Amino acid sequence: MTRAGADLADDDGLETLTVSSLARRLEVKTPSLYTYVDGNADLRLRVTALALDEAADLATAAIASLSGRTALAALADAWREFARRHPGRYAATRQAVPSSGTDAAVAALGAGRRHADLLRNVLDHYPVAEGDTVHAVRLIGSVVHGFVSLELGGGFAHSDPPSDDSWDYALAALDRTLTR
């Protein structure tokens with residue numbers, strides 16, 4: 001059911017994902033889904049946990065045995081590709097997750113920590129002071145997710161050079177910043 005909700009979010013947008021829209025997609029009566037979810041917020045949180053796990057799995061595979069700039073680029077490329085293939089899931093990964101509560105919240109928080117750990121692993125190969133690690137993680141996330149969000153929204157569609165050139169430029173700038 002969560003995967004069907006994630007597919008629906010990819011097809012129609014996360015903002016359209018509700019228990020009733022999922023029931024229509026599954027061709028079941030809406031009340032029957034309340035056996036599995038506690039409402040729209042719970043459904044979206046379950047999709048968030050699923051999406052964060054899927055993206056972390058892709059990123060983990062992408063950076064295996066890499067370091068430095070190649071690991072940074074592979075990690076960023078994995079996120080970008082995930083966002084392109086799964087825009088609704090990607091939107092779910094950008095949602096705030098409650099710090100406690102349901103099983104879905106716990107799962108989403110754990111998957112979110114996997115992403116932070118992946119970034120820290122990449123940063124292990126850069127001369128970033130321990131006290132600056134959180135700032136560096138936030139910097140990378142901001143650049144990658146900001147770029148991807150603008151790109152998905154069509155922000156780079158009507159100008160030259162192609163966004164791929166700007167992507168490479170942004171990653172090279174991140175690498176230079178982290179190296180210094």
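Before going into details, it helps to say that this report is about the structure given with it. A quick note: this is a predicted structure, and the numbers were derived from the prediction, not measured.

## A short note on the layout of surface pockets
One simple way to see leftover space: roll a probe sized like a water molecule over the atoms. Approximately 550 Å³ is the volume found for the largest pocket. Elements supplying a minimum of two residues to the lining of the largest pocket: helix H4 (40–63), helix H5 (68–85), helix H6 (87–93), helix H7 (103–123) and helix H8 (133–152). In terms of residue count, H7 provides more of the lining of the largest pocket than any other element does, 8 residues in total. Residue composition of the lining of the largest pocket, by class: 13 nonpolar, 7 polar and 4 charged.

## Topic: the packing of H7 against H8
At a minimum axis distance of 10 Å, the contact between H7 and H8 shows a crossing angle of 110°. Accordingly, the angle class assigned to the pair H7 and H8 is roughly perpendicular. Contacts between H7 and H8 pair Leu-119, Arg-120 and Leu-123 from the former with Thr-133, Ala-136, Val-137 and Ile-140 from the latter. Residues belonging to the contact of H7 with H8 are distributed by class as follows: 5 nonpolar, 1 polar and 1 charged.

## A short note on the packing of aromatic side chains
One pass over the full model with this rule turns up 2 aromatic pairs. Seen from their ring centres, Phe-147 and Phe-156 are 4.8 Å apart, and the 40° between their planes marks the pair as tilted. Taken together, the ring pairs connect Phe-147, Phe-156 and Trp-167 into an aromatic cluster.

## So, the packing of helix H1 (residues 2–12) against helix H2 (residues 19–26)
Where H1 meets H2, the closest approach of the two axes is 10 Å, and the angle between their N-to-C directions is 100°. Here H1 is positioned roughly perpendicular relative to H2, judged by the angle of their axes. Contact residues: Ala-4, Gly-5, Asp-7, Leu-8, Asp-11 and Asp-12 in H1; Ser-21, Leu-22, Arg-25 and Leu-26 in H2. In terms of residue class, the contact of H1 with H2 is built from 4 nonpolar, 2 polar and 4 charged.

Criteria and cut-off values
Residues numbered from 1 in each chain as written. Predicted model: local features only at pLDDT ≥ 70, side-chain atom pairs only at ≥ 80, totals over all residues. Heavy atoms only, no water. 1 Å grid on protein atoms, 1.4 Å probe; cavity = no way out; pocket = protein on both sides within 12 Å on 5 of 7 lines; lining within 4 Å. Points joined across faces, edges and corners; volume = space filled by probe spheres on them. Helix = DSSP H or I, 4+ residues; strand = E, 2+ residues; numbered from the N terminus. Nonpolar A, V, L, I, M, F, W, Y, C, P; charged D, E, K, R; others polar. Axes fitted to C-alpha atoms, helices over the stretch in contact; angles between N-to-C directions. Parallel < 35°, antiparallel > 145°, perpendicular 65-115°, else oblique. Contact = heavy atoms within 4.5 Å. Phe/Tyr/Trp six-rings, centres within 6.5 Å; stacked < 30°, edge-to-face > 60°.

Distances and angles like these do not, on their own, reveal function.
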